[in-house]
Amino acid sequence: MDVPPSFMSLLSSFQSGCRIVVVGASGGIGNAFVRSLASDSNTSQVFAFSRSSQHFDNESVTSGSIDISNEESIARCAAVATQDGPLDLVIIATGLLWDGDDLQPEKSMRELQHQNLYRAFEINAAGPAMVAKHFLPHLSKGRKSVFAALSARVGSIGDNRLGGWYAYRASKAALNMLLKTLSIEHARLWPKSIIVGLHPGTVDTGLSEPYTQRTPAEKLFTPEMAAGYLIRVIDRVQPVDSGNVIAWDGVLVEN
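Described below are features of the structure shown in this document. Fair warning: this is a prediction, and the values are worked out from it, not measured in the lab.

Scanning the chain from terminus to terminus reveals five helices and nine strands. Counting from the amino terminus, the chain carries its helices and strands in the arrangement β-α-β-β-α-β-α-β-α-β-β-β-α-β. Here the C-alpha atoms of the chain give a radius of gyration of 17 Å, agreeing with the 18 Å that 2.2 N^0.38 yields for 255 residues. Projected onto its principal axes, the C-alpha positions of the chain cover 60 × 40 × 35 Å. Counting every atom, the chain has about 13000 Å² of accessible surface; 53% of that belongs to carbon and sulfur. Of the charged side chains in the chain, 22 are positive and 25 negative; the average position of the first set lies 6 Å away from that of the second.

In structure tokens, the structure reads:
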């Protein structure tokens, strides 16, 4: 007998009662992740962490504030999320591309600034690495668990044919290497666990807003669409995929 679509879980490859963390819950994609996963039949609890704590009208969501540039803040959030048991899914939905006039994607090397490179690496690479340090030891053992971070196709070295966007490209490439390295170590004790980067495509959020004017409508996703595509990728990934960056359509992103 077929299961009605309304009762089908988006996380069908996970065991029931999933305990989930979303870091970056105030952003467009992060917020969509929380709302979609919190309403899933296979979810028992979602911890929604962001710099400014958000309110979600769902009793399965626990909100809290986190500063991914502060390791003590990350450690506190890890302690809160894991006090009642291990985690099945951790998603990092943070990222920095631009910040007003002070930080813009570079068009040439003449625009490179030390402080902007530092900020991009801090948010896009170092922050997720520190989240991994404190959350990976608390993933479930003996069953599927996933640690996923939003990456970007522009972080691919082999796919870089246009140049520019130095800080963003380099910091996302660093993130991809960190995820690959983490996956090798983590697999030694968590063989059923998976660590992946996720490329969401071009999404209509504050991060990409100034750079979507020429994006065809069919290639510009809403946050809800992007989160839906990426949850489907998360549900389908297997341990053999660990260490890779996977796009919203399930295609591997070139290193």
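The end-to-end C-alpha distance of helix 3 (residues 114-135), which contains 22 residues, comes to 30 Å, matching closely the 32 Å that a straight helix rising 1.5 Å per residue would cover. Taking the largest bend as the criterion, helix 3 deviates by roughly 40 degrees, centred on Glu122.

With respect to the helices, strands and loops of the structure, Gln15 is situated in the segment before strand 1 (18-23). Sequence separation of Gln15 and Asn42 is 27 residues, and the distance between their C-alpha atoms is 7.6 Å. At a separation of 3.2 Å, a polar atom in the side chain of Gln15 contacts the side chain of Arg143.

What follows is about the nonpolar core. Within the largest apolar cluster, 35 residues are counted, with the highest numbers of intra-cluster contacts made by Phe33, Leu37 and Val146. When contributions to this core are tallied by element, the ones reaching two or more residues are strand 1, helix 1 (28-38), strand 2 (43-50), strand 4 (89-92), strand 5 (145-150), strand 6 (193-199) and helix 5 (223-236). Not counting the four nearest positions on each side in its chain, Leu37 is found in contact with Leu11, Ile20, Thr43, Val46, Leu89, Ile91 and Ile231. By size, the runner-up hydrophobic cluster in this structure holds 27 residues, among which are Val23, Phe47, Val90 and Val131.

Along the polypeptide, Met130 turns up in helix 3. For the pair Met130 and Ile195, spaced 65 residues apart in the sequence, the C-alpha separation amounts to 14 Å. Residues in contact with Met130, not counting those within four places in the same chain, are Glu71 and Ile74.

Take a nonpolar patch on the surface next. Among the surface-exposed residues, Met109, Leu112 and Tyr166 lie close enough to one another that they form a single nonpolar patch of about 290 Å² accessible area. In this structure, Leu112 sits in the loop between strand 4 and helix 3.

With that settled, consider the pairing of strand 6. For strand 6, the tally of buried residues reaches seven of seven residues, placing the bulk of the element in the interior. Remark: the strand 5/helix 4 (residues 166-186)/strand 6 crossover connection has right-handed handedness. Here strand 6 runs beside strand 9 (residues 245-247); their pairing, made up of three bridges, is parallel. In the sheet register, Leu198 faces strand 9, and the bridge partner there is Ile246.

Take the packing of aromatic side chains next. This model, assessed by the stated rule, comprises five aromatic pairs. An aromatic cluster is defined as three or more aromatic residues linked by ring pairs; in this entry it consists of Phe221, Tyr229 and Trp248. Over the ring of Trp190 we find Lys141, and its NZ or CZ is 4.5 Å from the ring centre.

The rules we used
Residues numbered from 1 in each chain as written. Predicted model: local features only at pLDDT ≥ 70, side-chain atom pairs only at ≥ 80, totals over all residues. Heavy atoms only, no water. Helix = DSSP H or I, 4+ residues; strand = E, 2+ residues; numbered from the N terminus. Rg over C-alpha atoms; globule rule 2.2 N^0.38 Å. Areas by Shrake-Rupley, 256 points an atom, 1.4 Å probe, with all protein chains shown as cover. Lys, Arg positive; Asp, Glu negative; His and termini not counted. Charge placed at Lys NZ, Arg CZ, Asp CG, Glu CD. Expected span 1.5 Å × (residues − 1). Bend = angle between axes of the 7 residues up to and from the residue. Polar contact = N/O pair within 3.5 Å; in protein donor to acceptor, adjacent residues only side chain to side chain. Core = buried A, V, L, I, M, F, W, Y, C linked by side-chain atoms within 4.5 Å. Buried < 20%, exposed > 50% of the residue type's maximum accessible area, 1.4 Å probe, protein only. Contact = heavy atoms within 4.5 Å. Patch = residues over 30% accessible without salt bridge, like charges linked within 9 Å, V, L, I, M, F, W, Y side chains within 5 Å. Salt bridge = Lys/Arg side-chain N within 4 Å of Asp/Glu carboxyl O. Right-handed = clockwise from strand over helix to strand, strands pointing away. Pairing = 2+ DSSP bridges. Phe/Tyr/Trp six-rings, centres within 6.5 Å; stacked < 30°, edge-to-face > 60°. Lys NZ or Arg CZ within 6 Å of the ring centre and 35° of its normal.

Just geometry here; none of it tells us what the structure is for.
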